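Architecture and fold: a report
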Amino acid sequence: MLRVVRCLRSAARSARARPLGASHGVTVTSSPAANALAFSTRAETTARNAADVRDLLRTRLSLTDAEVDKVERHGPRGARSTIEPKLGWLQRRLGLDAAHLGKMVVTLPALLGHSVKDNVAAKLDWLQDRLDLDAAQLKQMVVALPPLLSLSVENNMAPKLDWLQKRLDLGDAQLRTLVMRFPKLLGYSVEDNFSPRLDWLQRRLDLDDAGLRTMVLRKPQALAYSVEDKMVPTLDWLQLRL
């Protein structure tokens with residue numbers, strides 16, 4: 001009798017552990033209706049999040065529908081609850097008004113997907129420390145070139161600034177002046193832009209290192225000029241005229 005009771009208890013435990021229908025050899029699967037309902041719920045949530053973010057961009061940043069469309073096409077998908085605090089942090093950290101913040105977001109929609117803690121905050125702190133910038137100078141630089149917040153410090157900005165400082169024998173204040181006058185230089189390549197252009201200018205104008213440094217500090221945009229399309233014809237024209 002004791003053995004029978006034990007067998008009955010064991011069978012009851014096994015039945016409770018198996019999904020409904022398993023004791024009858026039936027495979028339990030989600031129904032098409034349940035799958036459709038789950039998909040519909042996710043789609044509705046995504047659509048609601050997108051509508052909330054569009055409303056935020058229009059009201060908080062005064063963006064036009066065309067600008068909101070651009071941000072939506074190129075920016076990350078997210079919820080208002082994650083994007084709104086990020087906008088607030090950027091506005092406070094850089095002292096931005098709505099127009100400047102809106103310009104940054106439209107220029108760099110991916111900014112909305114960057115982590116403040118792990119990405120943006122660290123880059124802003126590094127730039128401010130490396131170039132000894134005050135709050136107004138940092139704001140000016142970032143507003144002029146929002147994509148710099150997508151550049152790697154270790155693989156891009158740090159080696160680029162070190163190279164320029166060494167190549168032109170710049171002091172810290174001179175390096176700051178150079179970058180402040182032309183923040184977009186941070187988006188150019190040493191190998192493809194700076195090095196060949198500086199070498200060409202030095203040879204073509206027969207400049208010593210001090211002369212090259214003076215010229216670049218006065219006209220940092222020269223680092224972005226094409227040698228073949230801009231500098232060669234301009235200098236040839238000046239020689240003929242003078």
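Keep in mind that this is a model prediction, so the values were computed, not measured. (Residues numbered from 1 in each chain as written. Predicted model: local features only at pLDDT ≥ 70, side-chain atom pairs only at ≥ 80, totals over all residues. Heavy atoms only, no water.)

Of the regular secondary structure elements, the protein chain holds 12 helices and zero strands. Going from the N terminus to the C terminus, the protein chain shows its helices and strands as α-α-α-α-α-α-α-α-α-α-α-α. A burial count over the protein chain gives 34% of its 242 residues as buried. For the protein chain, restricting intrachain contacts to residue pairs at least 6 apart in sequence, the fraction spanning at least 24 positions comes to 69%. (Helix = DSSP H or I, 4+ residues; strand = E, 2+ residues; numbered from the N terminus. Buried < 20%, exposed > 50% of the residue type's maximum accessible area, 1.4 Å probe, protein only. Contact = heavy atoms within 4.5 Å.)

Taken as a whole and judged by the stated rule, the model has two aromatic pairs. Pairing W163 with F194 gives two aromatic rings, centres 6.5 Å apart and planes at 25 degrees, and the pair type is stacked. With W163 in helix α8 (residues 153-167) and F194 in helix α10 (residues 190-204), this residue pair connects regions lying 31 residues apart in the sequence. Owing to a relative accessible area of 25%, W163 belongs among the partly exposed residues under this scheme. (Phe/Tyr/Trp six-rings, centres within 6.5 Å; stacked < 30°, edge-to-face > 60°.)

For the rest of this paragraph, the subject is helix α5 (residues 98-107). Those residues of α5 that fall on the buried side of the exposure criterion are L101, G102, M104, V105 and V106. For α5, the N-terminal capping position is held by D97, with its side-chain oxygen 3.2 Å away from the main-chain nitrogen of A99. (Polar contact = N/O pair within 3.5 Å; in protein donor to acceptor, adjacent residues only side chain to side chain.)

Between α10 and helix α11 (residues 209-218), the shortest axis-to-axis distance is 10 Å and the interhelical angle comes to 120 degrees. As the angle between them shows, α10 and α11 are arranged oblique. Where α10 crosses over α11, the two elements pack in a sense that is right-handed. In this structure, α10 contributes L198, L201 and Q202 to the contact, and α11 contributes D209, L212, M215 and V216. A class-by-class count of the residues in the contact of α10 with α11 yields five nonpolar, one polar and one charged. (Axes fitted to C-alpha atoms, helices over the stretch in contact; angles between N-to-C directions. Parallel < 35°, antiparallel > 145°, perpendicular 65-115°, else oblique. Left-handed = near helix turned anticlockwise from the far one by under 90°. Nonpolar A, V, L, I, M, F, W, Y, C, P; charged D, E, K, R; others polar.)

It is worth spelling out the confidence of the model for the protein chain at this point. Here the protein chain averages 83 in pLDDT, and 78% of its residues register 70 or above. Below pLDDT 50 for its whole length, residues 15-24 participates in four contacts with residues either more than four positions away or in separate chains. (pLDDT = per-residue confidence, 0-100.)

Moving on, we come to unusual backbone geometry. In this model, D169 sits at a positive phi of 55 degrees, which is unusual for a non-glycine residue. Positionally, D169 belongs in the loop between α8 and α9 (172-181). Phi angles above zero are rare outside glycine, and D206 is one such case at about 55 degrees. By secondary structure assignment, the location of D206 is in the loop between α10 and α11. By relative accessible area, which is 71% here, D206 ends up exposed.

Turning next to the packing of helix α4 (residues 80-94) against α5. At their nearest, the axes of α4 and α5 sit 11 Å apart, and the two run at 120 degrees to each other. As judged from the angle between their axes, α4 and α5 are oblique. Once α4 is placed against α5, the crossing between them reads as right-handed. Together, L87, L90, Q91 and L94 of α4 and A98, L101, M104 and V105 of α5 make up the contact between the two elements. In the contact of α4 with α5, the residues fall into seven nonpolar, one polar and no charged.

In this section: the environment of K103. In this structure, K103 sits in helix α5. A C-alpha to C-alpha distance of 9.6 Å links K103 and A144, two positions 41 residues apart in sequence.

A few words on the pattern of salt bridges. The final tally for this structure, using the stated rule, is 10 salt bridges. Among the salt bridges present, the one from R54 reaches D69, with a minimum N-O distance of 2.9 Å. Here the residue R54 occupies a position in helix α2 (residues 32-61), and D69 occupies one in helix α3 (residues 65-74), the gap between them amounting to 15 residues. Here D69 falls in the partly exposed class, since its relative accessible area comes to 30%. In this structure, a network of salt bridges that share partners links the residues R54, D69 and E72. (Salt bridge = Lys/Arg side-chain N within 4 Å of Asp/Glu carboxyl O.)

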